[in-house]
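Breakdown of the fold
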Amino acid sequence: MAELLYKKIYHFIKDQIKTGQFQKGDRLPTEKELSEQFSVSRITSKRALVELELEGLITRTRGKGSFVTEKMADISEKNKDLLLILPFASDYELGDYARGIMTYVAQNDYRLMVQLASTVSLESLSDYAGIIYYPEDVNHSIDLLFYCDSYKIPVVLLDKALDLFGFPAVVADNKGGSYQLTQHLIEEACDRIVFVAKESFGEVSSVRDRYLGYLSAMADASLKSSYFPKAESETVDVYLNQLVDCLLEKQVHKTGLVVENDWLAIQLVQKVMQAGLSIPDQVAIVGFDNSQASYLLSPQLTTAAQDFYQMGQEAARLLLQTITQPELTVSSCQLPVQVFIRESSQ
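Residues numbered from 1 in each chain as written. Predicted model: local features only at pLDDT ≥ 70, side-chain atom pairs only at ≥ 80, totals over all residues. Heavy atoms only, no water.

Looking only at helices and strands, one finds 12 helices and 14 strands in the chain. Radius of gyration (C-alpha) of the chain: 25 Å, far over the 20 Å computed for a compact globule of 346 residues. Oriented by its inertia axes, the alpha-carbon framework of the chain measures out at about 90 × 40 × 35 Å. Per-residue burial for the chain yields a buried fraction of 50% across its 346 residues. When contacts within the chain are restricted to residue pairs at least 6 apart in sequence, long-range pairs at least 24 apart make up 71% of them. (Helix = DSSP H or I, 4+ residues; strand = E, 2+ residues; numbered from the N terminus. Rg over C-alpha atoms; globule rule 2.2 N^0.38 Å. Buried < 20%, exposed > 50% of the residue type's maximum accessible area, 1.4 Å probe, protein only. Contact = heavy atoms within 4.5 Å.)

We now examine helix 6 (residues 142–150). Taken as a whole, helix 6 has its buried residues at L144, L145, Y147 and C148. Down the axis of helix 6, the buried set is contained in an arc of 160 degrees. They therefore lie on one face. Opposite the buried face of helix 6, at more than 90 degrees from it, the exposed residues are D143 and F146. Residue K152 follows helix 6 closely and has a positive phi angle near 55 degrees. (Arc of directions from axis to C-beta.)

What follows covers the environment of V286. Along the chain, V286 falls in strand 11 (residues 283–286). We classify V286 as buried; its relative accessible area is 0%. For the pair V286 and L301, spaced 15 residues apart in sequence, the C-alpha separation works out to 6.4 Å. Filtering out sequence-adjacent residues up to four positions away, V286 remains in contact with L181, H184, L185, L257, V258, V259, A265, L301, T302 and S345.

A separate point is the sheet that holds strand 11. Pairing between the strands of a sheet comes from backbone hydrogen bonds, and it takes one of two forms, parallel or antiparallel. Taken together, four strands build an open sheet; the order of strands is 9-8-10-11 and the sheet is parallel. The open sheet terminates on both sides in strands that have one partner only, identified here as strand 9 (227–228) and strand 11. Helix 8 (residues 205–220) rests against strand 8 (192–196), strand 9 and strand 10 (255–259) of the sheet, and its axis sits at about 170 degrees to strand 8. Across the sheet, helix 10 (residues 262–274) is in contact with strand 8, strand 10 and strand 11; its angle to strand 11 comes to roughly 160 degrees. (Pairing = 2+ DSSP bridges. Axes fitted to C-alpha atoms, helices over the stretch in contact; angles between N-to-C directions.)

On to the packing of helix 9 (residues 236–249) against helix 10, then. Packing of helix 9 against helix 10 brings their axes to within 10 Å, and their N-to-C directions diverge by 50 degrees. Judged on the interaxial angle alone, helix 10 and helix 9 are oblique. Considering the relative orientation of helix 9 and helix 10, their crossing is right-handed. Contacts between helix 9 and helix 10 involve V236, D237, Y239, L240, N241, L243, V244 and L247 from the former and W263, L264, Q267, L268, K271 and V272 from the latter. (Parallel < 35°, antiparallel > 145°, perpendicular 65-115°, else oblique. Left-handed = near helix turned anticlockwise from the far one by under 90°.)

Next up on the list: helix 9. Quick reminder: α-helices carry 3.6 residues per turn. Residues three or four places apart thus point the same way. Taking 1.5 Å as the rise per residue, helix 9 with 14 residues should run 20 Å; its terminal C-alpha atoms sit 20 Å apart, in good agreement. What helix 9 keeps buried is the set V236, Y239, L240, L243, V244 and L247. The buried residues of helix 9 occupy an angular sector of 135 degrees when projected down its axis, which confines them to one face. On its buried face, helix 9 sits against strand 8, strand 9, strand 10, helix 10 and strand 11. (Expected span 1.5 Å × (residues − 1).)

Tracing the chain through its elements places N174 in helix 7 (residues 174–187). Setting aside anything within four residues of it in sequence, one finds N174 in contact with S206, D209, R210 and F288.

According to the stated counting rule, one finds 11 aromatic pairs in the structure shown. Judged by centre distance (5.7 Å) and plane angle (65 degrees), the rings of Y97 and Y134 are edge-to-face. Residue Y97 is located in helix 5 (residues 93–107), and its partner Y134 is located in the loop between strand 5 (130–133) and helix 6; the two are separated by 37 residues in the primary sequence. Looking at Y97, the relative accessible area reads 0%, which means it is buried. Considering the side-chain rings of Y211 and Y227, the 5.6 Å spacing of their centres and the 50 degrees angle between planes classify their relative orientation as tilted. (Phe/Tyr/Trp six-rings, centres within 6.5 Å; stacked < 30°, edge-to-face > 60°.)

Within the largest apolar cluster, 44 residues are counted, with the highest numbers of intra-cluster contacts made by L82, L84, I101, I132, L158 and V170. Considering every element that reaches this core, the biggest residue donor is helix 12 (residues 308–324), with eight residues. Y10, I17, V40 and Y151 belong to the second largest nonpolar core, which has 36 residues in total. (Core = buried A, V, L, I, M, F, W, Y, C linked by side-chain atoms within 4.5 Å.)

Turning our eyes to something else, we now look at the packing of helix 2 (residues 31–38) against helix 3 (residues 42–54). Contact geometry for helix 2 and helix 3: axes closest at 8 Å, N-to-C directions at 115 degrees. Classified by the interaxial angle, the pair formed by helix 2 and helix 3 is roughly perpendicular. For the element pair helix 2 and helix 3, the recorded crossing hand is right-handed. In contact with E31, K32, L34 and S35 of helix 2, helix 3 contributes R42, S45, K46 and L49. Residues belonging to the contact of helix 2 with helix 3 are distributed by class as follows: two nonpolar, two polar and four charged. (Nonpolar A, V, L, I, M, F, W, Y, C, P; charged D, E, K, R; others polar.)

Structure representation (C-alpha cells):
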C-alpha cells in the first residue's frame, strides 16, 4: 500500500509539471504539505520527491525546498511513449488493431507499448503521452477512464464509444452492417428473423448498435422483430441449446438468425446442424466480425467485416492530434463495414 501511495504522489507531481501547473523554477509543496494533502506519512511523500530528483526532474535544497528543473520544463514534448490497452490476447482482430496503430505512430516518431487491461497499474498511466484503450465494457473500464480524465491523460477508445468522460472513439458502423445483414435475410424470404445475443445491450455498445440495425431493417420492411434473450445464470451452451429447441418446436419454412458476432454464430451453426436442421434452407445464419474461422467453417458464414487495421490507424491519428493540438476538439470516427454473403444464408 505504501508503494501505491508513493507512486500516486510521484505521478501527481509529474502530471502537474506536464500540464504546466508547475513551471521551470517553481517551488513544489514540502514533504509535510504533501503528506497532509495525500494523508500519508512524511516518509512516503519524501520517497516521491527523492524519486523525482533521481530522474532529474526536480532539485532539492535543504532549507529551501524542491524546485522544477530546466530538464523537466518541456517534458510534454519529449514523451513519445504511447500505450495500447487490450482486454484480452488475440492473434487476429486485436493484432490487426495493434499493427495499424504501430505503423502510424512509428511514422510520427512515437513508440507503442501494449498491455492487457488486467496488468495495467493506474499509477503508471501518467508515464505515457497518450493511451488507446479497447474497453471490455463499462464496469471494467470506469476506474481507468476516471483516472485518465482526472489526470488529463489523452485517450482514444477503440471499438466501443462510452459516453462517460467525452473521450473520442473509433468504431465500425455496426448499425449499418447489421441493417444490411438483416435486409439480406429478408430478401432470402425468411418467414421470421430473430436477433441472437448473449450480451446486455446496456453494457456493450457495439452489440446494442447491431440490434438497432436489425430493428431498423425489420421496421422498414414492416416485419415483426424478435429477440432471443439469455438469462444471466445460463451458460452459453445451455442458451444455444434452448434456442435450437425453439427452432425445432416452432418450425416454419425458413428462419433467419442475426447473431451478435461470429464466435456465437459459429457455435450456433454447429448446434443447428447437429439437430438435423438444414442450413440455409431451414435456418439461415449471419454473424458479425469476419473472423478467420467464418470462412474456414463449412458452411462458410455470412458476416460483416470491420477493417481493424484502418481502425487502428485512425485511432492513432486521433490520439496524436489530441496530444499535439490540445486546443482542438477531436471528434469520434465511424468507419464502414463490408458484408460478405456466404453459404450459411443463401
